[in-house]
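# Results of the structural survey
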Amino acid sequence: DDHNKENLFNSLNYDVAAKKRKKDLLNNKAKIQYFHQEKWIYVHKGSTKERHGYCTLGEAFNRLDFSSAILDSRRFNYVVRLLELIAKSQLTSLSGIAQKNYMNILEKVVQKVLEDQQNIRLIRELLQTLYTSLCTLVQRVGKSVLVGNINMWVHRMESILHWQQQLNNIQITRPPFKGTTFTDLPLCLQLNIMQRLSDGRDLVSLGQVAPDLQVLSEDRLLWKKLCQYHFTDRQIRKRLILSDKGQLDWKKMYFKLIRCYPRKEQYGDTLQLCRHCHILSWKGTDHPCTANNPETCSTSLSPQDFINLFRF
C-alpha cells in the first residue's frame, strides 16, 4: 500500500509538472507571437496613469518595428531623425529595455551605412549629438538622470566613439561602371537633378567634383528655390543679403537661414496616427480599426509630432 501511494503521489507530481510546462510553453508562444504580429500601439487620449504606465515613448519605440524600418529607404531618414530627437532630449525617459533597443537599432543603422556608404554625414551628426548628450547626462549621475549602471553607459559611449572612427575611415570607391556619367547629361538635366537636393551642403560638395559642376552649383535660381522650399517669405525677408552687384545672394542667405530657423522636413514614409481609434503604426500596417473607411482617418506624424505624443 505504501508503495502504491508513493507511485500515485509521484504520478500526480509528474502530471502537475507536465501541465505547468505545457502552460508555460503556450504562454511563451503566445507572448512571442503577440510581440511580433502586432506592430502598432494604442495612444491614450488623455494624460492619465494608464497612459503613463502602458503608453510610454519606450514602449512605442519597442513595438513599432524600427529594426525593419531602417532597411526601407523611404523610412530610413525618418527613423534617423527620430533617433536624433530622442538623443537630444528624451534619453532619460527611456526604460532599460528601450535603451537597449535604441542602441541595437543605432548599431544596425551604422552597419548599414558602412556597407552601402550612403548617408554618412547624417549618421555622423546623429552619433555626435548622442555622444554630446551622454557626456552631459553621465556627469549628472547619481541624480536619477539615466536608467542603468554608469559602467554600462561608459561602455556605450566607447561604442559610439568606435562607430565614429569607422565612419571616418570610410573610403568612397568609384563604381566600375563606365557608361554615361552625370556630367555627360545636358546642362538642363543636371540642373533639374540638382534641384532635387534638399541640403545646401550637398550642392557645395557636388560643386567640388568638377569645374563645370562648380559653375552650376553657384546658380542663383538653384539657391533661391532651395531657400523658398525650406523657409517662409517672412523668414526670408528678415535675412536679406545683397551681393556686391546689388542682387540677393541666395546662397549666403540659405546658410544664414538654416542657423536661425529649422529646415523643412520631408520623408518618403512616416508613422500614421488613426484619429478614429488612436492607434499609431507605419503606413500599410494592419490594425484593428472600426472605422468604415480607415484610410481617411490616418494622419501623418513628423518625428517631432511622434515625440510630442508621449509628453505628459
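Coordinates for the structure precede this section.
Residues numbered from 1 in each chain as written. Predicted model: local features only at pLDDT ≥ 70, side-chain atom pairs only at ≥ 80, totals over all residues. Heavy atoms only, no water.

### Observations concerning unusual backbone geometry
Positive phi is not limited to glycine here, since Asp 65 has a value of about 60°. Relative to the helices and strands, Asp 65 is located in the loop between helix H3 (57-63) and helix H4 (66-69). For Asp 65, a relative accessible area of 23% corresponds to the partly exposed category. With a phi close to 55°, Gln 117 is a non-glycine residue in the positive phi region. Residue position: Gln 117 is located in the loop between helix H6 (96-116) and helix H7 (120-138). Classification of Gln 117 as partly exposed rests on a relative accessible area of 28%. (Helix = DSSP H or I, 4+ residues; strand = E, 2+ residues; numbered from the N terminus. Buried < 20%, exposed > 50% of the residue type's maximum accessible area, 1.4 Å probe, protein only.)

### Thoughts on the nonpolar core
With 55 residues, the main nonpolar core has Tyr 102, Leu 280 and Phe 306 as its most contacted residues. Among all residues touching Tyr 102, those that are not within four sequence positions of it are Phe 61, Leu 83, Ile 86, Ala 87, Leu 94, Leu 126 and Leu 130. If you look at the next biggest cluster of nonpolar residues, it comprises 16 residues, including Met 194, Leu 203, Leu 226 and Cys 227. (Core = buried A, V, L, I, M, F, W, Y, C linked by side-chain atoms within 4.5 Å. Contact = heavy atoms within 4.5 Å.)

### Some remarks on the side chain of Thr 129
Within the element layout of this structure, Thr 129 appears in helix H7. Residue contacts for Thr 129: discarding those within four places in its chain leaves Glu 84, Ala 87 and Lys 88.

### Re the sheet that holds strand S4 (residues 298-301)
What the 4 strands build is an open sheet, ordered S1-S3-S2-S4; its pairing is antiparallel. The sheet is open, and its two edges are formed by strand S1 (41-42) and S4, each paired on a single side. Inspection of the sheet shows S1 paired to strand S3 (residues 279-282) by 2 bridges, in the antiparallel sense. Of the residues in S3, the one forming a bridge with Tyr 42 is Ile 279. (Pairing = 2+ DSSP bridges.)

### A short note on the pattern of salt bridges
Tallied over the full model, the rule gives 13 salt bridges. Put simply, Asp 269 and Arg 75 hold a salt bridge, and the shortest N to O gap is 2.9 Å. With Asp 269 in the loop between helix H14 (250-260) and strand S2 (271-274) and Arg 75 in helix H5 (residues 73-89), this residue pair connects regions lying 194 residues apart in the sequence. In terms of burial, Asp 269 and Arg 75 fall into one category: buried. When the shortest N-O distance is used, the salt bridge between Lys 251 and Glu 218 registers 2.8 Å. Of this pair, Lys 251 sits in helix H14 while Glu 218 sits in the loop between helix H11 (211-217) and helix H12 (220-230), and the two are 33 residues apart along the sequence. Taking the relative accessible area as the measure of exposure, Lys 251 reaches 24% and is therefore partly exposed. Using a relative accessible area of 38% as the deciding quantity, one classes Glu 218 as partly exposed. (Salt bridge = Lys/Arg side-chain N within 4 Å of Asp/Glu carboxyl O.)

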